[in-house]
Amino acid sequence: MDKLLRIHPNDNVAVALEDIKSNEETIKRGHKMALCDIKTGEQIIKYGHSIGHASCDIKKGSWVHSHNMVTNLSAGLSYVYEPYSVNLSEIPAAKFMGYKRPDNRVGIRNELWIIPLVGCVNDVCKEIESRSKAIALEYGLDGVYHFPHPYGCSQLGDDMKDTRTILSDLCKHPNAGAVLCVALGCENNTLEEFKAELGTEYNDKIRFMVCQDESDELETAAKLVEELCEYASKFKRTQCDASDLVIGLKCGGSDGLSGITANPTVGRFSDKLVAMGGTTILTEIPEMFGAETDLLNRCKTKELFDKASKMINDFKDYFISHGQPVGENPSPGNKEGGITTLEDKSSGCVQKGGIANVNGVLFYGERAANKGLNMLCAPGNDLVSSTALAAAGAQIVLFTTGRGTPFSAPVPTIKISTNNELYNKKQNWIDINSGEIAEGKDIDLVAEELFNYVINVASGNKTKSERNNQHGLAIWKNGVTL
């Protein structure tokens, strides 16, 4: 195995595939080494384009990182639409066993979800979940879960609207065969307004309870749960096409191998599913900064291009309005793993979207309506963006990671390690290992393994996070708390 990887012929840095000694210093796996002398102010080229510039002279063979390079990112840019089409050859859709819903969507789980409309009732929902497991099992459901959050009251404007929208999206989600919505009774997220957000299409699968109206809310909940379990039990797995799948694409705890192993593997998965008529959703808008041009030019129409470019510039303005630098994203864990600037991180991140055209651009809380690759507005935060993917309709989230995390979205979350060390250490977290790609394994073989794993999960096999009973929810907060 070569110890260094030059990703693109134009790169002036290479990535260490294992710890190496150079110029009397150790360059750790995933970190960058200069392939030539680089002068102060010169661009650092990786993936074939700039990921920042040198803050001092860098000698050939030296470690390139935060001590000698900085970001080029600043405020919003004026983008020019230079479209090109990528014609993926259609391929027959794979089959899986899913649950066909009355709204013509397909679920991969038939679960009872307990949704608190305000954070004050989180503990009540937790107790309802605990008491409902036996009855859900008796009716043959795939599980019962509550999703605690701190919102639904003391919020104003867009924050209140977003909370209501995300919770409504989850109530409509096809993985939920039935839903119990639990209110307190005095919150800003009033039951009347929430029902208006939901509409009437999902009345059969949803029941409501206001805790302040009940002398014994747990007794009332038990009766409602019985009704809901009976309703959900009518759905049975049946053969479905992969074109019915909606898959969220997410990375978290990235390292210097993310853009070499796991993310391009997910990109190949995405292209294959899109070629079958399925849907994928790419999010984490700040982790597109510096690598967004190719994505924008892959937008199918000028209207989508305008919407996507505005989304990116608006997100930069969001940072600036809070007095924060645009390029501050890489976390300490990212930097420890070899990522130096946001452009460096973004160049790896966007590879999860493969090469397909962008057929949809979604605002936060908007559900995917277009087949193919979609862009979704959400921050890079793992919990918030994964929840946004679920709210957009993703039945599964693919989560690439170089550092590892136990977190799981409200929907099954498949963890894909970027390196062998993580996979070997955390096999209780990680579902798929792409680290072998760095040692020469064919990336298409790993992508095929991932695709087959997704089909099996969609048909009922549990992910590692499901086996660990890990489900989480986080809502994006921007404004004041009263």
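Preceding block: the structure.
Residues numbered from 1 in each chain as written. Predicted model: local features only at pLDDT ≥ 70, side-chain atom pairs only at ≥ 80, totals over all residues. Heavy atoms only, no water.

A. Focus on the overall build of the chain. Check the secondary structure of the chain and you find 13 helices and 23 strands. For 482 residues, the compact-globule estimate of 2.2 N^0.38 gives 23 Å, and the C-alpha radius of gyration of the chain, at 23 Å, lies within 12% of that figure. The dimensions of the chain, computed from C-alpha atoms along their principal axes, are 75 × 45 × 45 Å. Within the chain, the proportion of its 482 residues that are buried is 59%. The contacts in the chain between residues at least 6 apart in sequence include a share of 72% that link residues at least 24 apart. Roughly 19,200 Å² of accessible area belongs to the chain as shown, and the carbon and sulfur atoms make up 49% of that amount. Averaging the positions of the 51 positive and the 63 negative side-chain charges in the chain gives two centres separated by 3 Å. (Helix = DSSP H or I, 4+ residues; strand = E, 2+ residues; numbered from the N terminus. Rg over C-alpha atoms; globule rule 2.2 N^0.38 Å. Buried < 20%, exposed > 50% of the residue type's maximum accessible area, 1.4 Å probe, protein only. Contact = heavy atoms within 4.5 Å. Areas by Shrake-Rupley, 256 points an atom, 1.4 Å probe, with all protein chains shown as cover. Lys, Arg positive; Asp, Glu negative; His and termini not counted. Charge placed at Lys NZ, Arg CZ, Asp CG, Glu CD.)

B. Examining the sheet that holds strand E11 (residues 106-107) more closely. Strand order across the open sheet formed by 3 strands is E11-E10-E16, with antiparallel pairing between neighbours. Of all the strands in the sheet, the pair left with one neighbour each is E11 and strand E16 (238-241). By the bridge criterion, 2 bridges tie strand E10 (residues 95-100) to E11 in an arrangement that is antiparallel. Paired with Lys100 across the strands is Val106, a residue of E11. (Pairing = 2+ DSSP bridges.)

C. Representation of empty space enclosed by the protein in the model. The final tally for this structure, using the stated rule, is 1 cavity of 30 Å³ or more. Considering the residues around the largest cavity, the lining is formed by 14 residues, among which Ser258, Gly259, Ile339, Lys345 and Gly348 are closest to the centre. Considering every element that reaches the lining of the largest cavity, the biggest residue donor is helix H9 (residues 342-349), with 4 residues. Broken down by class, the residue content of the lining of the largest cavity amounts to 4 nonpolar, 6 polar and 4 charged. (1 Å grid on protein atoms, 1.4 Å probe; cavity = no way out; pocket = protein on both sides within 12 Å on 5 of 7 lines; lining within 4 Å. Points joined across faces, edges and corners; volume = space filled by probe spheres on them. Nonpolar A, V, L, I, M, F, W, Y, C, P; charged D, E, K, R; others polar.)

D. Main features of helix H2 (residues 157-171). Across its 15 residues, H2 extends 22 Å between first and last C-alpha, which sits within 8% of the 21 Å expected from 1.5 Å per residue. Counting buried positions over the 15 residues of H2 gives 12, a clear majority of the element. Among the residues of H2, those classed as buried are Asp159, Met160, Asp162, Thr163, Arg164, Thr165, Ile166, Leu167, Ser168, Asp169, Leu170 and Cys171. (Expected span 1.5 Å × (residues − 1).)

E. Structural view of unusual backbone geometry. Even without a glycine there, the phi angle at Asn23 is positive, about 50°. Note that Asn23 resides in the loop between strand E3 (20-22) and strand E4 (25-27). A residue is classified by how much of its surface remains accessible, and Asn23, at 45% relative accessible area, is partly exposed. Even without glycine at this site, Asn469 takes up a positive phi of about 60°. Overall, Asn469 belongs to the partly exposed group, its relative accessible area being 42%.

F. Quick look at the layout of surface pockets. Reported here for the largest pocket is a volume of approximately 570 Å³. For the largest pocket, the lining is made up of 25 residues, of which Tyr47, Ser347, Val350, Gln351 and Gly354 are closest to its centre. Listed by contribution, the elements that provide at least two residues to the lining of the largest pocket are helix H5 (262-275) and helix H6 (292-297). A class-by-class count of the residues in the lining of the largest pocket yields 10 nonpolar, 10 polar and 5 charged. Roughly 470 Å³ of internal volume is contained in the second largest pocket. Taken together, 15 residues form the lining of the second largest pocket, with Asp158, Asp162, Tyr364, Cys377 and Trp476 sitting closest to its centre. At the level of elements, H2 and helix H7 (302-321) are the ones that each hand at least two residues to the lining of the second largest pocket. Per element, the largest residue contribution to the lining of the second largest pocket is 5 residues, and it comes from H7. For the lining of the second largest pocket, the residue count by class is 7 nonpolar, 1 polar and 7 charged.

G. Layout of the pattern of salt bridges. Overall, the coordinates contain 26 salt bridges when judged by the stated rule. Residue Lys223 pairs with Glu219 through a salt bridge whose shortest N-O separation is 4.0 Å. One end of the pair, Lys223, and the other, Glu219, are both in helix H4 (residues 217-232), 4 residues apart, so they sit about a helical turn from each other. For Glu219, a relative accessible area of 46% translates into the label partly exposed. Among the ionic pairs, Glu449 bridges to Lys441, the shortest N-O distance being 2.9 Å. Residue Glu449 is classed as partly exposed on the basis of its relative accessible area of 35%. (Salt bridge = Lys/Arg side-chain N within 4 Å of Asp/Glu carboxyl O.)

H. Up close: the pairing of strand E7 (residues 49-54). In this structure, strand E6 (residues 43-46) lies alongside E7, joined through 3 bridges in antiparallel fashion. Bridging across to E7, Lys46 finds its partner in His49. Where E6 hands over to E7, the hairpin turn is made up of 2 residues, of which Tyr47 adopts a positive phi near 60°.

I. Broad picture of the packing of aromatic side chains. This model, assessed by the stated rule, comprises 11 aromatic pairs. Here the basic side chain of Lys316 rests over the ring of Phe289, its NZ or CZ set 5.2 Å away from the ring centre. (Phe/Tyr/Trp six-rings, centres within 6.5 Å; stacked < 30°, edge-to-face > 60°. Lys NZ or Arg CZ within 6 Å of the ring centre and 35° of its normal.)

J. Inspection of the packing of H5 against helix H12 (residues 443-458) at higher detail. As a packed pair, H5 and H12 sit with axes 9 Å apart at the nearest point and diverge in direction by 60°. Considering their axes alone, H5 and H12 lie oblique with respect to each other. The way H5 lies across H12 gives a crossing that is right-handed. In this structure, H5 uses Pro264, Thr265, Val266, Arg268, Phe269, Lys272 and Leu273 to contact H12, whose residues at the interface are Ile443, Asp444, Val446, Ala447, Glu448, Leu450, Phe451 and Val454. In the contact of H5 with H12, the residues fall into 10 nonpolar, 1 polar and 4 charged. (Axes fitted to C-alpha atoms, helices over the stretch in contact; angles between N-to-C directions. Parallel < 35°, antiparallel > 145°, perpendicular 65-115°, else oblique. Left-handed = near helix turned anticlockwise from the far one by under 90°.)

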